[in-house]
Amino acid sequence: MPQKVKDVKPPTGWQRLLWRAPIWLYKLHLGWLLDGRFLLLNHTGRKSGLPRQAVIEVAKHDPDSGTYYVASGFGKKSDWYRNIQKTPAVTIQVGRKKMAVTAVPLTPEESGQMMVDYAHRHPKAAQNLMNLIGYKTDGTDEDYYAIGHDYVPFVAFQPGTTDGAD
């Protein structure tokens, strides 16, 4: 069973500035440098109603449906995750491609399976994510499933027209 080894909160202050630095790559039209592994999420603040942005790692892309899957590494407390729950109509940019999508949170079971899949395809990145969010795992599918199921929700960004997305 995964073990919580430290309490980790989303970055604040200067650390938050570092985390948000990839947004500038997109603003400078250099998002293609991230090679499809990250996307720029344009969403609406749940309290302010103002436009917000976050760069998030793509855990999986289904080219047939055009769906992008991402994990909320800091769990359900991430601002972007709480914002998309209130207003799921968002836009994303992957490289140079911009699209209107609907953010659909996956079930705990789907999130658990998605975490296992992610760990199989990107074992070092999965282990780095565990270290970042403060969990120790033995690297088994059961551990990764439990973390995805209980702590790290996944979201599908499904293509289609949305209301109010810019």
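Before any of the text, the structure's been laid out above.
Residues numbered from 1 in each chain as written. Predicted model: local features only at pLDDT ≥ 70, side-chain atom pairs only at ≥ 80, totals over all residues. Heavy atoms only, no water.

S.K.: Where do I start with the side chain of His43 in this structure?
M.R.: Counting through the fold element by element, His43 comes out in strand β2 (residues 38-44). Polar contacts involving the side chain of His43 include one to the side chain of Asn83, which spans 3.3 Å. Ignoring anything within four residues of it in the chain, the contact list for His43 reads Leu50, Pro51, Arg52, Gln53, Ala54, Trp80, Asn83, Ile84 and Val90. (Helix = DSSP H or I, 4+ residues; strand = E, 2+ residues; numbered from the N terminus. Polar contact = N/O pair within 3.5 Å; in protein donor to acceptor, adjacent residues only side chain to side chain. Contact = heavy atoms within 4.5 Å.)

S.K.: Looking at this model, I keep getting lost on the side chain of Ser111. Mind explaining?
M.R.: Within the fold, Ser111 resides in helix α3 (residues 108-121). A polar side-chain atom of Ser111 sits 3.0 Å from the main-chain amide nitrogen of Phe154. With sequence-adjacent residues up to four places away left out, Ser111 is seen in contact with Leu106, Gly148, His149, Val152, Pro153 and Phe154.

S.K.: I'm lost on the pattern of salt bridges in this one. Help?
M.R.: Side chains bearing opposite charge may pair, as long as their charged atoms lie close to each other. Inspection of the entire model under this criterion finds five salt bridges. One salt bridge in this structure joins Glu57 and Arg37, with 2.2 Å as the shortest N-O distance. Of the two residues, Glu57 sits in strand β3 (residues 51-62) while Arg37 sits in the loop between α1 (13-27) and β2, which places them 20 residues apart along the sequence. Glu57 gets classed as partly exposed once you look at its relative accessible area, which sits at 24%. (Salt bridge = Lys/Arg side-chain N within 4 Å of Asp/Glu carboxyl O. Buried < 20%, exposed > 50% of the residue type's maximum accessible area, 1.4 Å probe, protein only.)

S.K.: Any chance you could explain the nonpolar core here in plain terms?
M.R.: Within soluble globular proteins, side chains that are nonpolar generally end up buried alongside one another. The biggest cluster of nonpolar side chains holds 19 residues, and the ones touching the most others in it are Met115, Met130, Tyr144, Val152 and Phe154. Those elements giving two or more residues to this core turn out to be β4 (67-71), α3, α4 (123-133), α5 (141-150) and β8 (154-159). Examining the composition of this core, we find that five residues originate from one element, α3, more than from any other. Leave out the neighbours within four places in its chain, and Tyr144 touches Gly112, Met115, Val116, Ala119, Ala126, Gln127, Met130, Thr137 and Gly139. Grouped together as the second largest cluster of nonpolar side chains are 18 residues, Leu39, Ile56, Tyr81 and Ile92 included. (Core = buried A, V, L, I, M, F, W, Y, C linked by side-chain atoms within 4.5 Å.)

S.K.: Sorry if this is basic, but what is going on with the sheet that holds β3 here?
M.R.: Strand pairing in a sheet relies on backbone hydrogen bonds. The paired strands run either parallel or antiparallel. One closed barrel holds the six strands; their spatial order is β2-β3-β4-β8-β6-β5, and the pairing between them is antiparallel. If you compare each strand with its neighbour and ignore which way they point, the axes differ by 45 degrees on average. This element, helix α2 (residues 79-86), spans β2, β3, β4, β5 (89-94), β6 (97-105) and β8 of the sheet and lies at about 55 degrees to β2. Each of β3, β4 and β8 touches α3; the most contacted strand, β3, lies at about 70 degrees to it. (Pairing = 2+ DSSP bridges. Axes fitted to C-alpha atoms, helices over the stretch in contact; angles between N-to-C directions.)

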